[in-house]
Amino acid sequence: MGDDSEWLKLPVDQKCEHKLWKARLSGYEEALKIFQKIKDEKSPEWSKYLGLIKKFVTDSNAVVQLKGLEAALVYVENAHVAGKTTGEVVSGVVSKVFNQPKAKAKELGIEICLMYVEIEKGESVQEELLKGLDNKNPKIIVACIETLRKALSEFGSKIISLKPIIKVLPKLFESRDKAVRDEAKLFAIEIYRWNRDAVKHTLQNINSVQLKELEEEWVKLPTGAPKPSRFLRSQQELEAKLEQQQSAGGDAEGGGDDGDEVPQVDAYELLEAAEILSKLPKDFYDKIEAKKWQERKEALEAVEVLVKNPKLEAGDYADLVKALKKVVGKDTNVMLVALAAKCLTGLAVGLRKKFGQYAGHVVPTILEKFKEKKPQVVQALQEAIDAIFLTTTLQNISEDVLAVMDNKNPTIKQQTSLFIARSFRHCTSSTLPKSLLKPFCAALLKHINDSAPEVRDAAFEALGTALKVVGEKTVNPFLADVDKLKLDRIKECSEKVELVHGKKSGLATEKKESKPLPGRAAASGAAGDKDTKDVSGPKPGPVKKAPTTKAGGPPKKGKTTAPGGSASAGTKNKKGLETKEVVEPELSIEVCEEKASAVLPPTCIQLLDSSNWKERLACMEEFQKAVELMERTEMPCQALVKMLAKKPGWKETNFQVMQMKLHIVALIAQKGNFSKTSAQIVLDGLVDKIGDVKCGNNAKEAMTAIAEACMLPWTAEQVMSMAFSQKNPKNQSETLNWLSNAIKEFGFSELNVKAFISNVKTALAATNPAVRTSAITLLGVMYLYVGPSLRMIFEDEKPALLSQIDAEFQKMQGQSPPAPTRGISKHSASGMDEGEDGDEPGEGVNDVVDLLPRIEISDKITSELVSKIGDKNWKIRKEGLDEVAGIINEAKFIQPNIGELPTALKGRLNDSNKILVQQTLTILQQLAVAMGPNIKQHVKNLGIPIITVLGDSKNNVRAAALATVNAWAEQTGMKEWLEGEDLSEELKKENPFLRQELLGWLAEKLPTLRSTPTDLTLCVPHLYSCLEDRNGDVRKKAQDALPFFMMHLGYEKMAKATGKLKPTSKDQVLAMLEKAKANMPSKPAAPAKAMSKPMGGSAPAKTQPIPGNSFDSDLKELTSVQGKKVPSKTTLKEDDDKSGPIFIVVPNGKEQRMRDEKGLKVLKWNFTTPRDEYIEQLKTQMSTCVAKWLQDEMFHSDFQHHNKALAVMVDHLESEKDGVISCLDLILKWLTLRFFDTNTSVLMKALEYLKLLFTLLSEEEYHLTENEASSFIPYLILKVGEPKDVIRKDVRSILNRMCLVYPASKMFPFVMEGTKSKNSKQRAECLEELGCLIESYGMNVCQPTPGKALKEIAIHIGDRDNAVRNAALNTIVTVYNVHGDQVFKLIGNLSEKDMSMLEERIKRSAKRPSAAPVKQAEERPQRTQNVNSNANMLRKGPAEDMSSKLNQARSLSGHPEAAQMVRREFQLDLDEIENDNGTVRCEMPELVQHKLDDIFEPVLIPEPKIRAVSPHFDDMHSNTASTINFIISQVASGDINTSIQALTQIDEVLRQEDKAEAMSGHIDQFLIATFMQLRLIYSTHMADEKLDKDEIIKLYSCIIGNMISLFQIESLAREASTGVLKDLMHGLITLMLDSRIEDLEEGQQVIRSVNLLVVKVLEKSDQTNILSALLVLLQDSLLATASSPKFSELVMKCLWRMVRLLPDTINSINLDRILLDIHIFMKVFPKEKLKQCKSEFPIRTLKTLLHTLCKLKGPKILDHLTMIDNKNESELEAHLCRMMKHSMDQTGSKSDKETEKGASRIDEKSSKAKVNDFLAEIFKKIGSKENTKEGLAELYEYKKKYSDTDIEPFLKNSSQFFQSYVERGLRVIEMERESKGRIPTSTGISPQMEVTCVPTPTSTVSSLGNTNGEEVGPSVYLERLKILRQRCGLDNTKQDDRPPLTSLLSKPAIPPVASSTDMLHSKLSQLRESREQHQHSDLDSNQTHSAGTMTSSSSTTNIDDLKKRLERIKSSRK
């Protein structure tokens, strides 16, 4: 019992899995109870049992299994997730339940299967059951058949697919087991109910007894269509509605039936195709030509037997068809004619669409053979032609049928009309467009007046059928002239007709018609009704004829009269009468006068022909007023224009009267119902006046008004013929001009080009140049609409004229025709016209091409020519082809009838002579252009053979074939090619060339199509075999084509098609499909301007579609692609619903959803990939607050609908802010689902939306809730690892914006989580993002603690991926820049390798820890609160400001120094704050902003509005500095454009004197950035071949221009330090020597500019620094073995130039430093070594320099060796002494005749003599305010040098205070020197010395900047120095800014000039503080001197002082 009690305690789900059967039984029972209690189908409880249901049904214990089955049934019925278990459960039922002896088990098993079908899993169930039919156990087979039978019976054949079942049915009848056979019989009976033909064909070959039994049963079945008795879940609501409708009234049932018709399985699809060509008798073709009719009969009978096969295999049946056609056409034995017709019928039925290519040849022959009267022949021919019709389209055979309609034989006419009637029955309104209907109606209308009654009857039947198919609205315009009796007859026939496709199309159109015409019957209403209306009209006698002409009216007139649509409803009846007028009878002058007098004032009529022009003018004015006041219906237009034409009429001599008259004509045409009769009265006069200078414009206006009333095509034709029937050239040219303009205004619709093309040709040949010019302009306008084919008509013109035409065409190229502006409103006003114009999109295009005159060439294609083309001799074949080419060339445009030519040319496509194949292809190309779109009827018989040529082994033949196929496709479109099996048959051929060319062609064409025929699926199996082809090119092409196939067929269809592949192949193909799914492009959208392009105004109504309909049609098109019907009614309803808001605000809806999630009532949004239950949950939550139609789009299976949904959401974002915010959690969740889609276009659109969304949220000051953030951010971070750069960039941009609505510190853990991803790109991007967050918001963002966060980040330094390592290092360097060495404590222990990488990166980053990180860290996280508190002031500002700042941090992650500068804005400037007492400098902030805007307008640096909120204040300098730093950092950018932009901005500053000073303190930084860019160009850009060298020249120009601007400003130029100048000169000289520059076009100019710049640098820089730099550069270049001698030579030339400048500059040079540099040089290069140099220049240069210095300074030169520690190390001193001696000798000073040592003695004496003077000078300096520091430094140096010197005499005269001041000063200097001296000199990093001779005190300040770079070594030593100074109580803030005194008293080390790369660290890291230090030094000096000499300059504030100052600031602020 112990065991029992144990399992009793277990939870239910564990009991269900227990090994004890009792436990399982108990578990199943409890589970059953639980399942019955759960009311919510989406309850999470269901998911617990997801994996257990299979065990429920497959339990080994029969008793337990029964209970399990019961529980499983309840589960499947109620659980939302049950669908996932279908496969495993059903297979379990089949294998473990159907074999059970208990009937109950079997019943439950069947019920479970049916329940799965009900929950939409029919396919999976059917698949498993069909597998069960292969089981060996007959019990299982019987149960499977029974289940399938029940499923079919209950759900119908729409759900249970019959195709796979019917295929296995015959096998079941052969079973040995009787039970199986009996069940199969019942199943066959059930199938027969649903599809009779399919099952009959399939079971034709089973046992005859079985078949007989079946047939007996089949007969008993009811004939009505069966209906399903059980519905799917999705249909159950529909079922309920249906029942309601049925109870309401019977009609609805019919409607429901129609829409829900069961798709019949076509038996043809299930049959095996038979191959018959090889089975034809060998002598068939001889026998069929035999003279004896019996032999011919034998041959035909053999064919008849073969074609009885219901499905024939595709092949080349051309010869067979030709033979049968010959028998039908020419055989005298009518019995054989009938037999041949039967054979043709069999072929057509067996081949179906594949027979289409032969239809064109056979149809005319059969129709002409209808002259036979024998019924059996007629019947055979009828059957043949009907079968053939089904293989092609009416469009393709229309030409042939229409040609036969004119035959004189009445039987032929009768049978043709009957054939047309039968054909129409198979058409729908879409397959019978107006363009096709029009010629048929015209031909049939002739037949209804035929003398033979049978012809008339047949024509009536055909017209009646047409009326039924397309509706009265479409047919009526063609029946305009039919009298009432005949019209009634047509309608009567129409009512009798039964259509193949049902009545839907006709009814629908009629219903639509009635809507726009509520006040009367539809346009084609009862004619009797019209009669009564007409009689009531005011017209006399001739009106009687009106009804016949008015019943419909051709479309042209329908359109002219449409204006009436705007009239009031009351006048509609009359409008109906007048607007339908096509030919208004011409009235006599008396009638006209009578009518005119009724509406015009009597005086007006009297004065019309007055001899006084003034009276005539007054009369016209009255006339005009009267016309303006008339109503449309009252205006007798013809009478009025006849009055105007009355003498003097159009011969009026006074131009004013004439102008009025023309204006009145225009008014009448606009305001009245103006007919063509009226127009003909005035047009002649208008054309006569069009060339008149004064009246021409009025005439044109009148003509335009008439064109609007009577349609432009008619008016243009009349006007052109009138203008060219007279000889006035002015009139002709102006008429042409008017027409050009009119075409643009009205569009090109229905213009009859043929009518005036001859006139245009006449105009082109005119002698008057104005006429020719106007004609060419008109051709240009026509070119916009017709396109290049227009030129072909004018190719015969003279070359000069042709070149003018070409020039005009060239001008028009690329332009699109303007949208028509006239005639639109009128035509769209009436529903009828809209229908007419909007029916067929392609119609207009065809019209334009058809307008060009086409020539009939069939008579030239003689049988001789055809036999020539087929001759055995290739030369004769070639002659034949040449003839054909000549015929086509001569004709230019040809008619589609080309006789036997297609067959002849087809034979030549596989000619053994490849030259002839190519020639044939060329001819076919010409043929396509010449025939135009009509070529489509030859696609099957000629186009497909061209594709076969793509398999040719010769490359040039394949290229020609491809060009030909493209030329054809251009004319035909792709539909014809993709229809049928022809293309798939080609792809099936295992020819690698054919496959790769064909797939390449499809990959090019498919993306351009908006929809494709379903036959494209036939290509898929062959596409899959191509994916595994042996040939690599074929595989590649197949992979390229894969996404485009998927774009049209959808992933599901493609994946399903893999089912027939081998398992290994299937896996490979599925993997490729997944890959292709990601790259699948979206279908091209419907072109918005399609109408205006080729056909221009062909459809004015289309250019302004009804708002709802465009979406509707799009929807239909999309859904039709997937094979689903979209009932038009429902879409219309949806359309109406789209007006409301898309997001509905539900009060507390979001809060409730959050509570539900918290309370686990719904699933928490947390998954690795979204499962169905999450999607369903989101759908449910959205249903209450998202518009239904939008939700359908959002959750549609097709990604294009998602794109559409996103577009709608973007549109509504601004207008529905509240709605968006209330549904934000759902929107974000839906977007996370889109992140899991593989379609890039959706992802891009989603990211675009998110950017807009977060911008909006930040503007609205919204804060993301935790729920929203946690269900969105992790999924967004997944996308940061996308391979596409553009996506990663967008995601980073969104993360940046999110920081404005969600705290960065909370964002940090999410991003940190992202670093754990397996995707290296994601890890790298997340680490970079962390760096940006820390950089922008300080260390406070690091969560949970900075230590833990940094340890996590540091782990990634050892990552395998380089990008991840770099990102981790950069992030830690960012922290280092904020926190300094503390970072090493935070990251803990790292491996030696990682630590060395980090140290190296920190060293390279050239940064120092910032001065005030704590403040800034505190400031940033408060950002959002600040924004809120100042909402009114900063509604937009702060958001933009912060995001742009964060962006700045991101964009500069490669340039840490620039990012650091931005942070400088948050540091305290104590001096500034202290001085700011609220009054003195209160205007400062305004000044800052103003100045910033002015100077840096081009730089998009955000205004520092946000800082106004914080308690800290910035000063002008730090602001400007940060901006300049940012720009300078961009100068060194690797992107040329960025660099140029930055240089342009700096140049702008440098060019303006008042702003140039802003650059002070930034010179070194700028120069470093510049020469780094020079290096980059030299090493990278110049070597990059892809880069445009013009770009490089442009960059060089910017750099050199900037430098020249800089070195013209002396104060700035002097700030450049030695190291920087050295590198700059190096860069410039390297540039001058770059041979690659010389080769460039503007290279010489660059080198000249560099020369000029070098001169400027030498002249304007600080002379000490440049001289020192050149010496070091010379030393380096001589040492470097790689350096070219040319380089050293140029450096020396620069030194010589400096030597020449020395006389002027000697006083400003620090000679001590120069001599130290020379000393170092001579130490490195002793005299002997220099002499070894190849060139003697270096030694000469040095001597010259020293000689010049000696000459200028004399003996004093020896006093300047103070900085040299050991003078004996070089020969400098000895050399100087020698020179001095020599110069003394030279000057003749012989007073001292000492030997060699004399020089030094002279020196000694002279110096002793001057000691007193020198000391006096020093003390003088110490006493002066400006030079006190300098004086102390000099005194210290002097004392050190001459330790025995007594300075007491000088001190004792001064005060005690002064004495102690001097002593203290010397002591301070000594301490500084000592501490500095401890740095080992061997490192070569001792500080460099500052200028001693400073000309003016002011420039001391300006030159302080350049001390920075000189005095700073690497950061390690700086840190030590900092500590030492702090111990001594010295101020660290000024360590860089030591005054000259310190530099003079320090103990010198040997300082090799630090090259700028070594100085990058020191220079760039200090730039941020340099401005601050200037102010400190200014303040200090002021304080010092204001207190007299009381304070020493070195005593500066310490930390306590800082605290005191802060306190003072706080108190003053209060």
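Residues numbered from 1 in each chain as written. Predicted model: local features only at pLDDT ≥ 70, side-chain atom pairs only at ≥ 80, totals over all residues. Heavy atoms only, no water.

Asks: Help me understand the overall build of the protein chain in this model?
Replies: Of regular secondary structure, the protein chain possesses 112 helices and zero strands. Sequence-distant contacts in the protein chain: of pairs separated by 6 or more residues, those separated by 24 or more amount to 77%. Of the roughly 91,500 Å² of accessible surface on the protein chain, a fraction of 52% belongs to carbon and sulfur atoms. (Helix = DSSP H or I, 4+ residues; strand = E, 2+ residues; numbered from the N terminus. Contact = heavy atoms within 4.5 Å. Areas by Shrake-Rupley, 256 points an atom, 1.4 Å probe, with all protein chains shown as cover.)

Asks: Where do I start with helix α3 (residues 21–37) in this structure?
Replies: Counting along an α-helix, one turn takes 3.6 residues, and residues three or four places apart therefore face a common direction. With 17 residues, α3 extends 24 Å between its outermost C-alpha atoms, agreeing within 8% with the 24 Å of an ideal straight helix rising 1.5 Å per residue. By the burial criterion, the buried members of α3 are Ala23, Arg24, Leu25, Ser26, Gly27, Tyr28, Ala31, Leu32 and Phe35. (Expected span 1.5 Å × (residues − 1). Buried < 20%, exposed > 50% of the residue type's maximum accessible area, 1.4 Å probe, protein only.)

Asks: What am I meant to see in the nonpolar core here?
Replies: By size, the foremost hydrophobic cluster in this structure holds 168 residues, and its most contacted members are Phe1045, Leu1190, Trp1230 and Leu1250. Beyond its immediate sequence surroundings of up to four residues, Phe1045 is in contact with Leu1002, Leu1006, Leu1016, Cys1019, Val1020, Leu1023, Gly1050 and Met1054. Ala1613, Leu1671, Cys1694 and Ile1714 belong to the second largest nonpolar core, which has 99 residues in total. (Core = buried A, V, L, I, M, F, W, Y, C linked by side-chain atoms within 4.5 Å.)

Asks: How should the environment of Glu1176 be read in this particular structure?
Replies: Summarising the element assignment, Glu1176 is placed in helix α66 (residues 1172–1183). When the C-alpha positions of Glu1176 and Phe1195 are compared, they lie 9.5 Å apart, and in sequence the two are 19 residues distant. Contacts of Glu1176, omitting those with residues within four sequence positions, involve Lys42 and His80.

Asks: Which parts of the structure should I look at to understand the state of the cysteines?
Replies: What makes a disulfide is a covalent bond joining the sulfur atoms belonging to two cysteines. In the structure shown here, the tally under the stated rule is zero disulfides. The cysteine Cys604 is free of any disulfide, with Cys619 supplying the nearest cysteine sulfur at 3.7 Å. Residue Cys604 is classed as buried on the basis of its relative accessible area of 1%. With no disulfide partner, Cys637 has as its closest neighbouring cysteine sulfur the one in Cys710, 9.4 Å distant. (Disulfide = S-S within 2.5 Å.)

Asks: Just to check I follow, could you spell out the environment of Glu1261 for this structure?
Replies: Take Glu1261: it is sitting in the loop between α71 (1240–1259) and α72 (1266–1270). The spacing of Glu1261 and Leu1300 is 39 residues in sequence and 8.4 Å in space, taken between C-alpha atoms.

Asks: Explanation requested: the pattern of salt bridges in the structure shown.
Replies: Any two side chains of opposite charge can pair, so long as their charged atoms come close to each other. All told, the structure shown has 78 salt bridges when counted by the stated rule. Residues Glu492 and Lys496 are paired through a salt bridge, measuring 3.8 Å at the closest nitrogen-oxygen approach. Within this pair, Glu492 and its partner Lys496 are both found in helix α28 (residues 484–496), separated by four residues, close to a single helical turn. Under the relative-accessibility criterion, Glu492 is labelled partly exposed at 41%. Accessibility expressed as a relative area gives 62% for Lys496, which makes it exposed. (Salt bridge = Lys/Arg side-chain N within 4 Å of Asp/Glu carboxyl O.)

Asks: Can you help me understand unusual backbone geometry in this one?
Replies: A negative phi angle characterises most non-glycine residues, just as the trans form characterises most peptide bonds. Between Gln1343 and the following residue, Pro1344, the backbone shows a cis peptide bond with an omega angle of -5°. Looking at where Pro1344 falls in the secondary structure, it is placed in the loop between α76 (1320–1337) and α77 (1346–1355). The backbone of Glu1261 shows a phi angle near 55°, a positive value even though the residue is not glycine.

Asks: Where do I start with helix α26 (residues 453–470) in this structure?
Replies: Look at α26: 26 Å from first C-alpha to last across 18 residues, which is about the 26 Å you get at 1.5 Å a residue. Counting buried residues in α26 gives 13 out of 18 residues, a clear majority hidden from the surface. Just downstream of α26, Gly471 is the residue with a positive phi angle, here 90°.

Asks: Quick question: what am I supposed to make of the confidence of the model for the protein chain here?
Replies: Low-pLDDT stretches of the model should not have their predicted coordinates read in fine detail. In the predicted model, the protein chain carries a mean pLDDT of 75, and 76% of its residues have values of at least 70. Taken as a whole, residues 1407–1465 scores under 50 in pLDDT and shows 148 contacts with residues more than four places along the chain or in a different chain. Contacts of residues 1499–1518 to residues separated by more than four positions or lying in other chains number 49 contacts, the stretch itself having pLDDT below 50. (pLDDT = per-residue confidence, 0-100.)

Asks: What's the story with the packing of aromatic side chains in this structure? I'm lost.
Replies: Under the definition given, this model contains 25 aromatic pairs. With 6.1 Å between their ring centres and 85° between their planes, Phe389 and Phe419 make a pair best called edge-to-face. With a gap of 30 residues between them, Phe389 in helix α22 (residues 375–389) and Phe419 in helix α24 (residues 410–425) connect regions that are remote in the sequence. An identical accessibility class is assigned to Phe389 and Phe419; each is buried. Ring geometry for Phe424 against Phe440: centres 5.9 Å apart, planes inclined by 90°, an arrangement best described as edge-to-face. Taken as a pair, Phe424 in helix α24 and Phe440 in helix α25 (residues 434–447) lie far apart in primary sequence, 16 residues in all. Members of the aromatic cluster, each reached through a chain of ring pairs, are Tyr28, Phe35, Trp46, Tyr49, Phe56 and Tyr75. When the ring centre of Phe655 is taken as reference, the NZ or CZ atom of Lys694 above it lies at 4.4 Å. Positioned over the ring face of Tyr1051 is Lys1077, at 4.2 Å from the centre of the ring. (Phe/Tyr/Trp six-rings, centres within 6.5 Å; stacked < 30°, edge-to-face > 60°. Lys NZ or Arg CZ within 6 Å of the ring centre and 35° of its normal.)

Asks: Please clarify how the packing of helix α36 (residues 613–629) against helix α37 (residues 637–645) should be interpreted in this entry.
Replies: Working note: a packed helix pair is described by the angle between its axes plus the distance between those axes. Running from N to C, α36 and α37 cross one another at 170°; their axes reach a closest spacing of 13 Å. Between α36 and α37, the angle is such that the two are roughly antiparallel. Across the interface between the two elements, Met620, Phe623 and Val627 from α36 touch Leu640, Met643 and Leu644 from α37. Class assignment of the residues belonging to the contact of α36 with α37 gives a composition of six nonpolar, no polar and no charged. (Axes fitted to C-alpha atoms, helices over the stretch in contact; angles between N-to-C directions. Parallel < 35°, antiparallel > 145°, perpendicular 65-115°, else oblique. Nonpolar A, V, L, I, M, F, W, Y, C, P; charged D, E, K, R; others polar.)

Asks: Is there a simple way to think about the side chain of Glu190 in this case?
Replies: Here Glu190 is to be found in helix α11 (residues 178–194). Owing to a relative accessible area of 10%, Glu190 belongs among the buried residues under this scheme. When residues no more than four places from it in sequence are discounted, the contact partners of Glu190 are Arg149, Leu152 and Ser153.

Asks: Explanation requested: the side chain of Glu986 in the structure shown.
Replies: With respect to the helices and strands, Glu986 occurs in helix α56 (residues 982–988). Only 3.1 Å separates the side chain of Glu986 from the side chain of Lys989, close enough to count as a polar contact. Setting aside its immediate chain neighbours within four residues, Glu986 contacts Ile944, Ile947, Thr948, Leu994 and Leu998. (Polar contact = N/O pair within 3.5 Å; in protein donor to acceptor, adjacent residues only side chain to side chain.)

Asks: Looking at this structure, I do not really get a negative patch on the surface. What am I missing?
Replies: On the surface, Asp1588, Asp1590, Glu1641 and Glu1642 cluster together to form a negatively charged patch. With respect to the helices and strands, the residue Glu1642 is situated in the loop between α95 (1635–1639) and α96 (1643–1660). (Patch = residues over 30% accessible without salt bridge, like charges linked within 9 Å, V, L, I, M, F, W, Y side chains within 5 Å. Lys, Arg positive; Asp, Glu negative; His and termini not counted. Charge placed at Lys NZ, Arg CZ, Asp CG, Glu CD.)

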